[in-house]
Every structure is written in C-alpha cells, then in structure tokens.
Amino acid sequence: MTDADLVLTGGTVFTADTALTVAEALAVREGRIAWVGPAAEAAAQVGPATRVLDLEGRTVVPGFQDAHCHPAEGGVESLRCTLNDCHTREACLEEIARYGAANPDLEWVVGSGWSIDSFERGTPRRADLDAILPDRPAYFENRDGHGAWVNGRALERAGVTWESPDPSGGRIERDASGEPQGTLHESAMNLVGDLLPPTTPAEWETGILRAQAEFHALGITAWQDARIDTREMLAAYRAVAERGQLTMRVEGNLLWERMWGDEQIEELTAMRADGSLGRLRIRGAKIFADGVLENFTGALLEPYVDTDNYGISMFERDELKRAVVLLDAHDFQVHLHTIGDRAVRDALDAIEAAEEANGRCDRRFHLAHLQLIHPDDLPRFAELGVVANVSPYWACRSGYVDELTEPFIGPERSARMYPFGSLLRAGARLAFGSDWTVSTADPLPQLEVAVTRISPETREQEPLLPEEAIDLPTALATFTAGSAYVNFLEAETGTLEPSKLADLVVLDRDVLDPGAGPIGDARVLLTLIEGEAVYADPGLGW
Ligand SMILES: [Zn+2]
C-alpha cells in the first residue's frame, strides 16, 4: 500500500453514500479519497510524509454543492454598495453615506440589497438620498430585484418628471403632488438602470473570484450559476478558468429569453460551445416559468384568495412546451424557475412532451424553488426523473410567508408550502440551492431550516409545516450528493468514497451528535478541493 498524503482521523466522517454510512477516518492520495474506515485502522495509511489531522471529534462531510445561485452577479454586487446587512432605513442611509464618502470619484453611486420591510409602505424616498448624495446620481436595487431606489440626480439624468407616464410592466412611485417619489417598480427600474455604467470585464472577474473565496469559506466546492445571460459574464468565467484561478466546480445555465423566440437556440448553442474550460461547464438552459407569490406573479391553478387573478405564466403552455422540447433536442439540461402550482404543472407537462418528442435519456431536468406543488403532481417528479431543486432557507415562518403569502393563497394551499418531506415520500430526488444573493449562501443555516422548518434568526418561532421537515443525514446528503447529481458531478464528487475526488469539508463539531446544538451554529474549519485547501480557518494552523 502506498502512503497517503493526508489522513483525517478521530472524528465523524459522514460519507453521504446511498446507505448514509458514517466512518471515523479518511485518507487522501493524489487528490483522491484513498480509504475510508475506522480510526483504529487509519495508522496503516500513514507514512513518513503523511500529514495527519486529528479531527478531535469534529465532522468531515463532502464539499457542499449549491445547485442554484447567482454568484457572478452577487460577486459584482459585493464590489458596490451592499445593503444586505442593513435592516432599517437609518442603517441603509448610514452605509450609503459611508460608501459615497469612501468612493468620491465614482460618477454613479450604485448598490443593492435593501429590503421593503425597512421602509414605510415598502417604498424608500429620493429625499433621503438627496440629503446625502446631492450631486451624483444614485441607484440602489432592492434585495428581490423587483424595485429600485434612486435620487433626484438619477431621475434628472433619466428625464423622469411628474409628467412621465408609467412604462408598460412598471410603475413610478409618486408623492401626493404626483412628483416621482424615488422608488421605481419592475420595468420602471430600467428608466434609470439602463443609464448605469456597464460592468467592466475586470469587475466581472473580480466579482467571480470574490464570490468563490466567500463560498469556499462556507464549505462550498461546486456551484450552479442559475443565470449566465451575457457574453461578458461568460467571458469573465472563461478568463478566470483560463488563468487557472477557478477552483470552484461551476455548472452554468444560459438564459432562455421569453422575447427572443426559437432563433436564440443558435446563440445559446454557440455560447455553450465556447463555455467549457477547466472546471467551468456550460450545460444548462434556464427558463422562468412564473414569478413569485409575494407580488402575485407566481402562477396558480386556482386564483389568489378573493380575486380572479391566477398569477403570471411567463410562457403560454404550448410556448413553454416548444421551448423545452427544442432545448432538450439540443442537449441542454433544462432548469425551470417554478414557484406556483400551475408553473410546476406546466413545467412537468413540458418535460413530458420533451420525452415523448425526443425519447428518454439521462437529462436531469430540474425545477427550482417549488413553493407550491399540487398533490397530483408529486409522483410525477420520480416518474419523469425530474430533480426537485429546492431552496431550503425559505421553508420557515417569516414576513414573506406570514404576511405576504398565506393571506393571499388561503389555508389549504398554505398547508402544503415547500413540501420537501412529501417530495421524498413520493420518491423524488432532491437538491439544494441557496438562490444567493436572495438569501444566505451559508449551507449550515439552510440545513437547519430543512431539518427544523424554523429560521435560525428566530428560533423561538413555530415551525412551518413540521411534517415537511427532513432529517439531518438526509439533508446533508441532499446538499452534497443530491446537488452533485443535478450538477452531473456525482461520478467524481458528492460523496466520500474511495477513488472519488477529495472535495471535502471539516466542520467544527460533531454535527450528528444530538447534543451538538443547532447545525446553523456550526462553522467550517477547512475546505479541500482535490485534496488542496481552498479555505482554512486561521485557528486550525493549516
Ligand atoms: Zn435564482
């Protein structure tokens, strides 16, 4: 036997294999897992040159894989003024003033991440911005991307006055006298947004690398970028991959645009052909089937309570079918945003049509988010081999659920939100995606919600539909092996089994010990990709 390069021993090794086996030690040789077994036998792997890490009872898990996130966009946002940690109007203004003063040469002050619950009626005012940024235009997108907060200079540049009509698909928020008040909704955002300086190639590249470093520190070794929608973004991914700086395994999705029709298949196929390089792979096409329930754009089978509004399908049923059949015929892995039960049904019908038209093969279609699924559609995930790519952090009580969703969908549908347990019982495969920057990218609090259905931010709250919770080993396997499957990476990663690549994470405690406290409180100490550290906690002495 050849000596290992690295042996981790004296802890809990959660393998995420199909039997969810737990071992005590693991050996790495030439970037691959050489051996997994009991601590008592680990010494046989150790030679004079072997590095041995005593786990001291901590846990080793496969590297986490985020099956749906927006890291390139989020990384670029993080180069600008970010308000995600500002929970009040005052905190937002303080951060904007600080950023503005620290960046006096920027022609535009641009940022994002404010939340509607920080502002009266959800609509921030230009006057607040004018007080701190009187001379330069400023533009701040909200956390959900459905609105923007702008100042007087920005409105002036855009020529928006009390006389300006609302654009189609959008609204200019106005004060009592009819003057633009400072919030632009939906397509009205573009009135100012279209004037912003374009993101430079250097900014895209820095953004990707910054997100990569942040994700590695959270134990993430692969991500699926849910939307690569420009040549510039793809070029930046290629540039960092070409320079050998892309340590993350990246699966990219090109966006299928509603407005552009069937001809766009040529552009997408061409982008895919240049896309794959090093750890970067372009395989997916992303389709938005609907919007979100909070603003009544999620598509429902029955109308929102006391209305005749069924929400918005981004595509007519036949149009969606045609797009999915076409993309599938061109070997794209189709990834659909589906929130409401009508969007889910339409997507499953379209996938069924693709199988009928193109024959059955290993496609791994996936539906993202899945807030509401009609019970009749639950078994169809297993029947059609469709992966349920859910966002675990959303499956708890919050203002979004209690105030902006339940009253508008009523008790019957509220009793089946985010049905992770039901999907598993119906035989579906699950994967987890954070949807970062919409919510945290940290897998550990997301796992806590999957297991408890309670937000780690408000642990005293009632769980949301506890019968839909899943147990911790299953949740860990979903965030590793489950996501690896939808990323087409399961042959080499996703579990800790001999001969697989040594993509793994050391957590600071035995997370499987019921006395270890909530998993959301655990921390990542070490992240390895092919045996190389891409993150190490300074206290570990790595
Ligand atoms: Zn998304």
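Worth saying up front: this structure is predicted, and the values here are computed from it rather than measured.

What counts, and where the lines are drawn
Residues numbered from 1 in each chain as written. Predicted model: local features only at pLDDT ≥ 70, side-chain atom pairs only at ≥ 80, totals over all residues. Heavy atoms only, no water. Helix = DSSP H or I, 4+ residues; strand = E, 2+ residues; numbered from the N terminus. Rg over C-alpha atoms; globule rule 2.2 N^0.38 Å. Buried < 20%, exposed > 50% of the residue type's maximum accessible area, 1.4 Å probe, protein only. Contact = heavy atoms within 4.5 Å. Areas by Shrake-Rupley, 256 points an atom, 1.4 Å probe, with all protein chains shown as cover. Lys, Arg positive; Asp, Glu negative; His and termini not counted. Charge placed at Lys NZ, Arg CZ, Asp CG, Glu CD. Donors = N, O, S within 2.8 Å, 3.2 Å for Na, K, Ca; no water. Polar contact = N/O pair within 3.5 Å; in protein donor to acceptor, adjacent residues only side chain to side chain. Pairing = 2+ DSSP bridges. Right-handed = clockwise from strand over helix to strand, strands pointing away. Phe/Tyr/Trp six-rings, centres within 6.5 Å; stacked < 30°, edge-to-face > 60°. Axes fitted to C-alpha atoms, helices over the stretch in contact; angles between N-to-C directions. Parallel < 35°, antiparallel > 145°, perpendicular 65-115°, else oblique. Left-handed = near helix turned anticlockwise from the far one by under 90°.

(A) Molecular detail of the overall build of the protein chain. In terms of regular secondary structure, the protein chain is built from 16 helices and 22 strands. The globule rule puts the C-alpha radius of gyration for 542 residues at 24 Å, and the 24 Å found for the protein chain is close to it. Dimensions of the protein chain, computed from the C-alpha atoms along their principal axes, are close to 80 × 55 × 50 Å. Here the protein chain holds 542 residues, and 54% of them are scored as buried. For the protein chain, the share of sequence-separated contacts (at least 6 apart) that also reach a separation of at least 24 residues comes to 71%. Surface summary for the protein chain: the accessible area is close to 21700 Å², and the carbon and sulfur share equals 51%. Side-chain charges in the protein chain split into 47 positive and 90 negative, and the spacing between the mean points of these groups amounts to 2 Å.

(B) Highlighting the side chain of Thr 478. Position of Thr 478 among the secondary structure elements: in helix H16 (residues 472-486). The exposure class assigned to Thr 478 is buried, which follows from its relative accessible area of 5%. Non-local contacts of Thr 478, meaning those with residues more than four positions away in its chain, are made with Leu 430, Ala 431, Phe 432, Ile 470 and Ser 483.

(C) Spotlight on the coordination of the zinc ion. Here the zinc ion is held by the protein donor atoms His 68 (NE2), His 70 (NE2) and Asp 435 (OD), which lie 2.1 to 2.2 Å from it. In the primary structure, the donors to the zinc ion are separated according to the pattern H-x1-H-x364-D. Of this pair, His 70 sits in the loop between strand S6 (64-69) and helix H1 (71-77) while Asp 435 sits in the loop between strand S19 (429-432) and helix H15 (443-452), and the two are 365 residues apart along the sequence. When sorted by exposure, His 70 lands in the same class as Asp 435, which is buried.

(D) Structural view of the side chain of Glu 173. The residue Glu 173 is located in strand S11 (residues 170-174) in this model. Here Arg 121 takes part through its side chain, which lies 3.4 Å from a polar atom of the side chain of Glu 173. Within polar-contact distance, the side chain of Glu 173 engages the side chain of His 185 at 2.8 Å. For Glu 173, the residues in contact, after removing those within four places along its chain, are Arg 121, Thr 123, Glu 179, Pro 180, Gln 181, Gly 182, Thr 183 and His 185.

(E) Molecular detail of the pairing of strand S18 (residues 387-390). Going residue by residue along S18, you find Val 387 and Asn 389 tucked away on one face and Ala 388 and Val 390 tucked away on the opposite face as well. Here strand S17 (residues 366-369) pairs with S18 via 4 bridges, running parallel. Counterpart to Ala 368 in the pairing with S18 is Asn 389. Taking the sense of rotation as the criterion, the β-α-β connection linking S17, helix H11 (residues 378-384) and S18 turns out right-handed. Sheet topology note: the S18/S19 ladder contains 4 bridges and is parallel. Considered in S19, the bridge of Val 390 is made with Phe 432.

(F) Representation of the environment of Pro 48 within the structure. When you line up the elements, Pro 48 lands in the loop between strand S3 (32-37) and strand S4 (51-54). For the pair formed by Pro 48 and Asp 5, sequence separation is 43 residues and the distance between their alpha carbons is 9.7 Å.

(G) Structural view of the packing of aromatic side chains. For the coordinates displayed, the defined rule picks out 12 aromatic pairs. Relative to Phe 479, the ring of Phe 64 has its centre 5.8 Å away and its plane inclined at 65°; by these criteria the two rings are edge-to-face. Residue Phe 64 is located in strand S6, and its partner Phe 479 is located in helix H16; the two are separated by 415 residues in the primary sequence. Like Phe 479, Phe 64 is buried.

(H) Up close: the sheet that holds strand S12 (residues 180-186). On the basis of which strands lie adjacent, the open sheet formed by 6 strands has the order S7-S8-S9-S10-S12-S11 and mixed pairing. Of all the strands in the sheet, just strand S7 (81-82) and S11 have a single pairing partner and so form its edges. Looking at chain direction, S11 and S12 are connected through 4 bridges and run antiparallel. Across the sheet, residue Arg 171 finds its bridge partner in S12, namely His 185.

(I) Summary view of the packing of helix H7 (residues 231-242) against helix H8 (residues 264-275). Two numbers describe how H7 lies on H8: the axes approach to 10 Å, and their chain directions differ by 15°. When the axis of H7 is compared with that of H8, the two are roughly parallel. Of the two elements, H7 crosses H8, and the hand of that crossing is right-handed. Taking contact as the criterion, the partners of Arg 231, Leu 234 and Arg 238 in H7 are, on H8, Glu 267, Ala 270, Met 271, Asp 274 and Gly 275.

(J) How the structure looks around unusual backbone geometry. Cis geometry is found at the peptide bond from Trp 436 to Thr 437, where omega equals 15°. One can find Thr 437 in the loop between S19 and H15. For Arg 453, which is not a glycine, the phi torsion comes out positive at approximately 60°. Position of Arg 453 among the secondary structure elements: in the loop between H15 and H16. Positive phi is not limited to glycine here, since Ser 499 has a value of about 85°. When you line up the elements, Ser 499 lands in the loop between H16 and strand S20 (504-507).

(K) Highlighting the sheet that holds S19. The sheet built from 8 strands is open, its strands ordered S6-S13-S14-S15-S16-S17-S18-S19 with parallel pairing. Of all strands in the sheet, those bounded by a partner on one side alone are S6 and S19. The mean inter-strand angle of the sheet, taken between neighbouring strand axes irrespective of direction, is 25°. Here 5 bridges tie strand S15 (residues 280-288) to strand S16 (residues 333-338), and the two strands are oriented parallel to one another. Pairing of Ile 287 across the sheet is with Leu 336, part of S16. Each of S6 and strand S13 (220-228) touches helix H6 (residues 201-217); the most contacted strand, S13, lies at about 140° to it. Here H8 sits on the sheet and contacts strand S14 (249-255) and S15; the angle it forms with S14, its principal contact strand, is near 165°.

Spatial relationships are all this shows, so hold off on functional conclusions.
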